[in-house]
Structures are given as structure tokens and as C-alpha cells.
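Chain by chain, the residues run as shown.
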Number of protein chains: 4
Amino acid sequence: MKLRVSTTLTYRFSGPTQTIGLIQAAKSPDQTILDENLTCEPNASQKCEAEPDGTRRFRASLDGEVAINYLATVDNGQRQLLPATGSQHLWSDLPLEVLPYLLPSRFCPSDRFQRFAQREFGNAGDGVARVMAVLGWVHDHIDYVVGTSTAETTAAETFMTRAGVCRDFTHLTISLCRALSIPARAVSAYAFALEPPDFHAIAEVYLEGAWWLVDGTRLAPVEGMVRIAHGRDAADIAFLTTDRACQVVAQIIEVSET
Amino acid sequence: MKLRVSTTLTYRFSGPTQTIGLIQAAKSPDQTILDENLTCEPNASQKCEAEPDGTRRFRASLDGEVAINYLATVDNGQRQLLPATGSQHLWSDLPLEVLPYLLPSRFCPSDRFQRFAQREFGNAGDGVARVMAVLGWVHDHIDYVVGTSTAETTAAETFMTRAGVCRDFTHLTISLCRALSIPARAVSAYAFALEPPDFHAIAEVYLEGAWWLVDGTRLAPVEGMVRIAHGRDAADIAFLTTDRACQVVAQIIEVSET
Amino acid sequence: MKLRVSTTLTYRFSGPTQTIGLIQAAKSPDQTILDENLTCEPNASQKCEAEPDGTRRFRASLDGEVAINYLATVDNGQRQLLPATGSQHLWSDLPLEVLPYLLPSRFCPSDRFQRFAQREFGNAGDGVARVMAVLGWVHDHIDYVVGTSTAETTAAETFMTRAGVCRDFTHLTISLCRALSIPARAVSAYAFALEPPDFHAIAEVYLEGAWWLVDGTRLAPVEGMVRIAHGRDAADIAFLTTDRACQVVAQIIEVSET
Amino acid sequence: MKLRVSTTLTYRFSGPTQTIGLIQAAKSPDQTILDENLTCEPNASQKCEAEPDGTRRFRASLDGEVAINYLATVDNGQRQLLPATGSQHLWSDLPLEVLPYLLPSRFCPSDRFQRFAQREFGNAGDGVARVMAVLGWVHDHIDYVVGTSTAETTAAETFMTRAGVCRDFTHLTISLCRALSIPARAVSAYAFALEPPDFHAIAEVYLEGAWWLVDGTRLAPVEGMVRIAHGRDAADIAFLTTDRACQVVAQIIEVSET
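Residues numbered from 1 in each chain as written. Chains lettered and ligands numbered in written order. Predicted model: local features only at pLDDT ≥ 70, side-chain atom pairs only at ≥ 80, totals over all residues.

K.L.:
What's the story with the overall build of chain A in this structure? I'm lost.
P.N.:
A tally of helices and strands in chain A yields five helices and twelve strands. Taking 258 residues into account, the globule formula puts the C-alpha radius of gyration at 18 Å, and chain A, at 18 Å, falls close to it. Across its three principal directions, the C-alpha atoms of chain A cover 55 × 35 × 35 Å. Scored against the burial criterion, the 258 residues of chain A give a buried share of 47%. Across chain A, every contact between residues at least 6 apart in sequence was considered, and the portion connecting residues at least 24 apart equals 76%. (Helix = DSSP H or I, 4+ residues; strand = E, 2+ residues; numbered from the N terminus. Rg over C-alpha atoms; globule rule 2.2 N^0.38 Å. Buried ≥ 20, exposed ≤ 12 C-beta atoms within 10 Å, placed from the backbone. Contact = placed C-beta atoms within 7 Å.)

Structure below.
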């Protein structure tokens, strides 16, 4: 799909605030950025960088009320969807850079899910079948309810309270996959047809020598995702990390097909 | 110092177990490996790799009772100690690869310590002074007591229960530094003069353009450390990560000056 | 003081909902109810009871939108304030009915605070001095910030995040007192001069053979409290406990001197 | 059954320690104490009391190494077992003294299980059928594994890690029942045929106007229980609560049929 992204994030900072932003579409192999534009109002000096894997990050010191605008046109047509069958790798066959995604992280304490995951999904078949079983379980057992979780909620809490939003679905999916020795990570995205429009968080699993996007919420088609960043969990892919509290004034996100 | 490390780790695996080992001294700029030898009894095929930063990792599928032996002579004379003064960096001045160490992780939920850290250490002076204040606080407020923590204990729990071992002191030190916007990570090490001899976990902070080892436990001199690996917290630097439970039969570690 | 309480609580129930209400002033020895009136609109059958200690509780099955109105005039002039000195009891000298208030509860996990409490307050003097030290510590180290805690927040979390509202101040005060072997419980109250007007939660400690109200928030004078109920923590004294989620439509509380 | 209980608990106290003991069989309506003897070696002054419901408690200040011996013969033949069918009560029909057992407690945070309990057991039939469904679920989903839990483990953790001992099975059973609006409490007992012999913790639910013992572990028959004490959870029924840490030297429990 060819997608048009338009984002305006307005914050009020009470004093000079260090920020790290992850809101630009990634220059990753699975999508092509046709055009884009990132600006701040009032204008602010930004340090923009791209990592080797295509993730783009900006750093800036911001103060007062600032609107961050991002416009982009992205073609994600190269993206492949999870195949119908496929194996998970032995640890010894995984690329070195994939190994960290086997390990527990801030919001995905996969070490605590070992016994449950083995009991529930241990006999679910090959790697793809296990991932599909995890996605089905999360969809069937967790209610999507706005307001039941906070920025501190971990997958352990979602597992118990059985409710959350996309971030929580993703953390639980990741935790269960890691507990099954399947590398899994969190991806932030702009999602076509997501209602209401918002930043979206989905999971990505490593099988058959590649990463595959999967969405436990089933709220938006994986085909309509514009990838922003990936990391161990929400802590790594926050669209704005700040060194002190700030206030969100407005957040407008639009994704349309062109 | 020139140090001799001798390690024998014996495990009993009940079925083929995937393992990732981090027990070899790092080929890092702050130390030189003069000689070393890694073997398994009975012999097992290992995949040994070095990361660009010098960390060495082996991967193997192990079964039955296996002894992992490691012998090495290491000169750590190039290591610099934390200077008496020095500034912390603005986020925009940090190297890209240092940024992850600002973020919360499995055992270091630094996001939950923001208010305490600012209240307690916000006015402690420059970066070095703040780190020294954190180290002093941890030493003064946490009791070193074996048996009060487990492999699931986070810095949040140590902060409350006020007791732990080296791993817990390190997690709390890291959490507080990150909450002060100082990048901090966990380092595994062989430690000269540690009683009783064991793997040691210490913290490393980024100030003045470099990483510096610091030890909240004060149980062994930083000058006598042989670095093994570093990561966000204990999850990343476990000397043996396995995909199923196994039994520790014996663990012998000796570090002597040569 | 002679105080006039006027309360209107309006809820929307989506289906027949079992409720237990604790909103009437207690007929306790430290206050006299001069007049009172409890009604529901629309009218609903209530089962009203008084416990031997004076706590009044109503039970009702409610549905649709219901307004609970409570009007009362209360003279709390008999209440004594915490004396300047006084001892805590040996456990063997405590009345049997006081013993449960030594033990940890849902929101007051006092067992986890033992080491901290002993370190910080162990040498603070007699029982009253220790309670005053706890109250001072809570006031100095916790910020009163609306929105930082939820109905699931425990004293352990407040201790770490260092922010909360009256309920959180009270839970932390109780936890620390119990960790010092001083019986402590939670009390719900209507509070004169509380801004904004709301139900108030305060602590009560047992010293010198009696219970004494103390308020870690310092937001309203203890002299202006109309006692409602007491219990181990907020779980026991909720003004409305329901067997299914319901919606708060409006909550109006007024307390004035007559 | 007529049961003979013989208990010797030996502790080492490092300084005068306040203790509350709950090790005597209850003088409750469901059992008769034929003879009994409680002694300390060396002799220590104890304050022994019986509550109106038959629970017996002793309080003592102990120091040095002390052996607490308890011998009793108990006939529990009056005890009724959970009937095959039966309803749970409306809240308004419950006796006042049963209400606290609807509420969350230190180790049974039933408020966090609402959604799961309703989803899983909401349609399981009448009160007895729901309790049987809970007991079956706990038995099928939790592994009995010594060493996986500690004295601080809550039902929330057991629900996630899926392993524990009798205390954990009981806390989870209680939490799920309370989340279904069925009053539930913890009971300590001497259990005939428990292997290895130990204090046992089981649950008790209120249905059809009475309390019924139920055991999620299925390790010992309910018919062979000698009741000691009941409470909201393990915090209330610890066989020894102390105001400072002490060391267990030996613990011998024998239960035989006479």
C-alpha cells in the first residue's frame, strides 16, 4: 500500500527538556519513504540520525509549547506476511543481533511466563503454529479496554487483569513468544484503518530467518502498517522520551491511502 | 594487575538444553587476555563468537552432567578509575550506542525512581558527585544479606526491602543513575579478593565520554576486576542462559594475582 | 466541633448490583450524632446495621441511576488528640481485638517494611515519638499529587514512587507503624476544611490503651473529622463496594461548622 | 476421625522476642478436643486465650533456644463436607461477620482477579459448582513445587508462575472465590496423611449458611483435618508471628489416627 501519514504532536514543556523522538518512518528494507518532512513550531534545533537498520531518531532540547509536525508518504509494498508454516530456530542458529530479543525486558518479564507458556503452547506445532496459538490466546483472553492500564503496566499485570490496549496486547504476545524461545520485539507504527487513529504498537517475531509483524489486537491490518521503530518493548520505542514530565496538549494522527 | 582466573561450572541437564554462555573474559580495550582455555567435559560442540565490542559468547546444546572449565590470564592494567570530578552529558551529546542505557529494563525500572532520585540526588553536584552520592546511599541504606533475593528480584524490591546481594546493589545503582539521566549498565566480572569467590556483578556509568566501573557493594576493588560482559541488567549478562531449568552441581571460581 | 455533613453520591448501575455502603457517621464513643437522614432516589430497599463498635453499614441491590443522600449533624467534641508522649504496648498487653492491626493487609504490606522501619525509626524514642517520626517522614518524602495512584496502589508502590493522595499517605503511615509493632488502621471520615471537599482517609494508631487519629497529609485538622468507618486499609472502608463495575455520575460532599 | 497430634517446634531467638502463636487445635463446633498439653522448654510464661469462635492463641516473650511442644487428641467427627449442590448468598443475606471474607487481603488480591474469574467461572452453575470449578482449575493449572514461592508470595504471583505449595494453592483458591462474590478464608490445620507431615493451609468457603473446608492441593483428605485457626490469609494464621527475625532449629509434626 502507498500510505500518507500526517502527525501533529503538541506538548507543553515547563523548562528546558531533553527529548528523544521516534516518530519518523523507518528506512527499513520492508518499506520505501517517497517523501517526508519533519518540523517543529516554533523552530527548534534537532539532531536527526539514522541507525544502520534504518531507524530514525531525533534529539532536541525543547521548552514552552512546541508542535512537532511530521508528513510522509510511504510505500510498504515490499513487506511479507507471516507464512502459513515455518520453524523456529535453535538458539545456535540465530544471528547474534537477534539474541537480545530472547531475553526479558522492562515490560515483558518473559522469565516469569515459562511454565504457563510451556503448558499452554508447548505442543502447538511448529514455530508459526505456536505464534498463531499465542496470538489467538491473547485475542480470546484479553479485553481491549481503554483506561485499564498505565505507562507502568507490564505483561505480568495484563496477564492477571485480562484487559489493556495495544501496548499491553503487544507486551503479552512478546512475553509469551520469548518464553517459548521465539525471539520477539515491539514495533511502533502508523496504522491504516486504526480507529481511533493513534500510534500503534505491535509485535514482531523471528522465524525462518526473518522478522514478521503480528498484531494481537486485530484492530488494523498488518498490510497497512508504516514502521517507525523497534525495540525490546515500549520503553525502547516511545515516540517521545523526556528527562522530565511534560504535558500533552494535542495529538493528531492521520493515515490514509494515496 | 595481572590476574589468573580459574572457573569450573558443573551442571546437570535433564534432556538436550540450549545454552548461551558468557564466562570468557572480554577482549575489551581496558584489559588484555594473555592466555586462555575454554573446555567442556565431556566434550561438546560450541559456537564461540566475539562481538565488535569484545564480548565473547558461546552457544551449545548440552545434556547430562557437563563441566565447563575456563582458565585465563588477564592484564587489566589499562583500566582507568572514575575521576574525582566530571560532568554528565546532555542526551544530544551521547553516542547513539549509549542511549539504550538511559532506559528502564527488566530488573532496573528506572522510570519508577524519577521522583526519589531527583529529590535525593538532584542537587548533589556534577555527574561524578551524583554517582558518588548514589553509591554512598546504596552502601548506607542496603544491607548485604545472602538469601533475601531471588533471580526475579528487581531494584524496586531491593529499594523497599533494603537488603540484597551484589546483583541487587548493582541494579539499584543502575536504576538511580538512569533516573538521573546518567547512562548506566551492568557488568559481570571475575573479582580479585571477593569473599567468598563468585561471579561478581557491578555497575558501569557513562560520564566524560567514557564508561567507568563502580561497585556499590565495596566488597572487592575495581582495580581487581576481569570484565566478562555488559548489558542492561542481569538478564543480559547471565553466565549461563538456558531454555529449560537445569541443576547446578558445583561452581568453583578462583581469582589470584600472578 | 459541631459539624454538618451533606453528601450526595450518584451512580449509574448497568444491571442489578449488590452494594455495601459505609457512608454514615459512626456511633462511636468519640462523637455524637445529633440528627441524620439517609435516602436513595429513586427509593431502594436498604438493610442498615450497626456493628457493636458503632460502625454503620447498609446493603442494597441497586440498578439504573441512583442518588444516595446523607445528611447529618455530628458533635465530635469528645475526641482526644494524640498526647505528647506515650508508650507502645508489648504485644502481650494488647486487647485481643487490636491484634489484627499488627498484621499486613492488601494495601499495607508491612512485612516488607521491617528493615526500613527499624533502620529509620527504631531509635526515635517512645511510641508517640515514633509515630510522630513516621508522620514527619511521610509528609517530607511523599508528594501529594492527584492522578499518580489508582485503586490498586499499595504502600509499597507509594514508597517507591514518592507520590499519592490521602489514601496512599494513610497506607504508608499504617505500614510503617505496623512494621514498628504499633497497631495501626485506616479510618474514613468527613473532614472539615478539606480542599477540595471529598471523603478523607486517615490513620489511627493504638498507644497508651487507646486509638488516636493521625493524618500524614496535614490537609485537614484532626479536630474537624467526622468518623465513618475503620478497617485494615482502604479495602475495608470503601464508601461503596460493588460486585460489578459501576459509573460515578456525581459526588458532592459538604462539611461545615454549625 | 479421632486424631492424635504431636508437634515440636524449636526456634533460636537472638534477644527477647515477642511472639503470637496459633498452634493449638480450635475449640470449634466441628471438632472436639479430648485432651491436650502445651509446654515450652525451658519453661516460659504464656498468655493463652480463646476467642469466641474457639480459636486459641498464646502470646509470650521468648529468648534463646526454645522448644514449643503441643500434644492433643481431637475428634473431628462432627465436620460436614461440602454438599453436591448449593447456592451462594446475596451479599444482603450474609451474616455481618462473614463480610470481611469478601474483601481482598495481603496475599489474596481478589480485586485484581475480577475479570478472569467472571470469564472463566461466571457460568459454572450454582455456588458449589463454581467452587468445584475453581478447585479443579487450580489443581489442573498450578504445579505443586517446593521452593518456587516465599513468605511474600501472593496469589497474583502464583497465578502467573503457575507453581507453589499449599499456602499458594489456598491463596489462589480464596482469591478466585472472592472475585466471584463467594466469601472465602484461610484455615491452618494439622492434616492426617499429608506427606511430608507439615502444617497445612486450606481454604474455607461460605455457602448455604455455613463454612466448608476445601483443599485445592488434594494432598490430604478434608476428613483428616484438625482445625487450628482461620483468617483472611496466611498473615492471619501464621503458627508463629514474631516481632523480629528468628531461626527455625527443628519442626516436627506428627498426625496419626487413634
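K.L.:
Can you walk me through the environment of I182 of chain B in this structure?
P.N.:
All names here are of chain B. Note that I182 resides in the loop between α4 (166-179) and β7 (184-191). I182 sits 40 residues away from V222 along the chain, and the two C-alpha atoms are 20 Å apart. Not counting residues within four places of it along the chain, the set of residues in contact with I182 comprises Q88, G127, R130, V131, C177, V205, Y206 and L207.

K.L.:
Any chance you could explain the interface of chain B and chain A here in plain terms?
P.N.:
The accessible area lost on association of the parts is a frequent measure of interface size. Across the boundary between the two partners, chain B contributes 24 residues, which contact 24 residues of chain A. Residue assignment for the side of chain B that touches chain A shows that the elements contributing at least two residues are β1 (2-21), β3 (47-50), β4 (56-75) and α5 (234-237) of chain B. Classifying every residue of the side of chain B that touches chain A by side-chain character gives nine nonpolar, five polar and ten charged. (Nonpolar A, V, L, I, M, F, W, Y, C, P; charged D, E, K, R; others polar.)

K.L.:
What is the right way to read the packing of helix α2 (residues 127-141) of chain D against helix α4 (residues 166-179) of chain D from this model?
P.N.:
To characterise two packed helices, one gives the angle between the axes of the helices and the distance between these axes. Residues and elements named next belong to chain D. Following both chains from N to C, one finds α2 and α4 inclined at 145 degrees, their axes separated by 10 Å at the closest point. Considering the relative orientation of α2 and α4, their crossing is right-handed. Residues V131, V134, L135 and V138 of α2 form the contact with α4, whose participating residues are F169, L172, T173, L176 and C177. Considering only residue class, the contact of α2 with α4 consists of eight nonpolar, one polar and no charged. (Axes fitted to C-alpha atoms, helices over the stretch in contact; angles between N-to-C directions. Left-handed = near helix turned anticlockwise from the far one by under 90°.)

K.L.:
Please explain the interface of chain C and chain B as it appears in this structure.
P.N.:
Of the residues lining the interface, eleven residues belong to chain C; the matching set on chain B comes to eleven residues. Secondary structure elements with two or more residues in the side of chain C that touches chain B: α1 (114-121) and α3 (155-161) of chain C. Considering every element that reaches the side of chain C that touches chain B, the biggest residue donor is α3 of chain C, with four residues. The residue inventory of the side of chain C that touches chain B, partitioned by class, reads five nonpolar, one polar and five charged.

K.L.:
Quick question: what am I supposed to make of the arrangement of the chains here?
P.N.:
Spatially, chain A is disjoint from chain C: no contact exists, and the shortest C-alpha separation is 10 Å. Taking C-alpha atoms as the reference, chain B and chain D come no closer than 10 Å and do not contact one another.

K.L.:
Looking at this structure, I do not really get the relation of the copies chain B and chain A. What am I missing?
P.N.:
What relates the two chain copies is a rotation about an axis together with a slide along it. At an RMSD of 0.0 Å, chain B and chain A line up after a rotation of 180 degrees and a shift of 0.0 Å along the axis. Taken together, the rotation and translation relating the two chain copies correspond to the operation of a two-fold axis. Considering only C-alpha atoms, the residue of chain B closest to the rotation axis is R106 of chain B, which sits at 1.9 Å. Taken together, the interface assignments show that 100% of the residues at the interface of chain B recur at the interface of chain A, consistent with an identical surface on both copies. (Least-squares fit on C-alpha atoms with pLDDT ≥ 70 in both.)

K.L.:
Looking at this model, I keep getting lost on the pairing of β3 of chain B. Mind explaining?
P.N.:
Successive side chains on a regular strand alternate, one facing one side of the sheet and the next facing the other. Residues and elements named next belong to chain B. As judged from the four bridges shared by β3 and β4, these two strands associate in the antiparallel manner. Across the sheet, the residue bridging to A50 is R56, located in β4. Counting the residues in the hairpin turn of β3 and β4 gives five residues, including G54, whose phi is positive at 100 degrees. (Pairing = 2+ DSSP bridges.)

K.L.:
Can you help me understand the environment of T153 of chain A in this one?
P.N.:
Residues and elements named next belong to chain A. By secondary structure assignment, the location of T153 is in the loop between β5 (143-144) and α3 (155-161). For T153, a count of 18 C-beta atoms within 10 Å gives the class partly exposed. Taking C-alpha positions, T153 is 7.5 Å from D168, a pair spaced 15 residues apart along the chain. Setting aside anything within four residues of it in sequence, one finds T153 in contact with T158, G164 and D168.

K.L.:
What is the right way to look at the confidence of the model for chain A in this model?
P.N.:
Mean pLDDT for chain A: 96, with 100% of residues reaching 70 or above. Reported confidences for the modelled complex are a pTM of 0.96 and an ipTM of 0.96. (pLDDT = per-residue confidence, 0-100.)

K.L.:
Would you explain α2 of chain D in this entry?
P.N.:
Because an α-helix completes one turn every 3.6 residues, residues spaced three or four positions apart along the sequence face the same direction. Residues and elements named next belong to chain D. The end-to-end C-alpha separation of α2 is 21 Å, in line with the 21 Å expected for 15 residues at 1.5 Å each. Among all positions in α2, only G127, V128, R130, V131, V134, L135 and V138 are buried. Taken around the axis of α2, the buried residues stretch over an arc of 165 degrees, which confines them to a single face. On the buried face of α2, the contacting elements are α1 (114-121), α4, β8 (199-207) and β9 (210-214). (Expected span 1.5 Å × (residues − 1). Arc of directions from axis to C-beta.)

K.L.:
What exactly am I supposed to notice about α4 of chain B here?
P.N.:
Residue and element names in this part refer to chain B. Taking 1.5 Å of rise per residue, 14 residues should cover 20 Å, and α4 covers 20 Å from first to last C-alpha, within 8% of that figure. Taken across its 14 residues, α4 has 14 buried, putting it largely inside the fold. Positive backbone phi, approximately 70 degrees, marks S181, located one or two places after α4.

K.L.:
What is the right way to look at the domain arrangement of chain A in this model?
P.N.:
Residue and element names in this part refer to chain A. Splitting chain A by domain gives domain 1 (2-77 + 240-257) and domain 2 (91-235). In this structure, domain 1 and domain 2 have C-alpha centres spaced 24 Å apart. Opposite the 17 residues of domain 1 that make contact, domain 2 presents 13 residues. Elements with a contribution of two residues or more to the side of domain 1 that touches domain 2: β1 (2-21) and β12 (247-257). (Domains from an automatic or database assignment.)

K.L.:
What exactly am I supposed to notice about the sheet that holds β7 of chain B here?
P.N.:
Within a beta sheet, neighbouring strands are joined by backbone hydrogen bonds and run either parallel or antiparallel to one another. All names here are of chain B. Taken together, four strands build an open sheet; the order of strands is β9-β8-β7-β10 and the sheet is antiparallel. Among the strands making up the open sheet, the edge pair consists of β9 (210-214) and β10 (225-231). Put simply, the sheet's adjacent strands are angled 35 degrees from each other on average, direction ignored. The pairing of β7 with β10 spans six bridges and is classified as antiparallel. Among the inter-strand pairings, Y190 is bridged to a residue of β10, identified as V226. Contacts between helix α2 (residues 127-141) and the sheet are confined to β8 (199-207) and β9, with β8 contributing the most and set at about 150 degrees to the helix. Packing against the sheet, α4 makes contact with β7, β8 and β9, and its axis sits at approximately 15 degrees to β8.

K.L.:
How do you make sense of the sheet that holds strand β10 (residues 225-231) of chain C when you look at a structure like this?
P.N.:
All names here are of chain C. Pairing within the open sheet is antiparallel, and its four strands lie in the order β9-β8-β7-β10. Only two strands of the sheet have a single partner each, and these edge strands are β9 (210-214) and β10. If you compare each strand with its neighbour and ignore which way they point, the axes differ by 35 degrees on average. The strands that helix α2 (residues 127-141) touches are β8 (199-207) and β9; relative to β8, the one it contacts most, it runs at about 150 degrees. Lying over the sheet, helix α4 (residues 166-179) contacts β7 (184-191) and β8, oriented at roughly 15 degrees with respect to β8.

K.L.:
Sorry, what's going on with unusual backbone geometry here?
P.N.:
In terms of backbone geometry, most residues other than glycine have negative phi values and most peptide bonds are trans. For the peptide bond that leads from E195 of chain A to P196 of chain A, omega is -5 degrees, which places it in the cis range. The residue P196 of chain A is located in the loop between β7 (184-191) and β8 (199-207) in this model. One non-glycine residue, R162 of chain C, adopts positive backbone phi at about 65 degrees. Here R162 of chain C lies in the loop between α3 and β6 (163-164).

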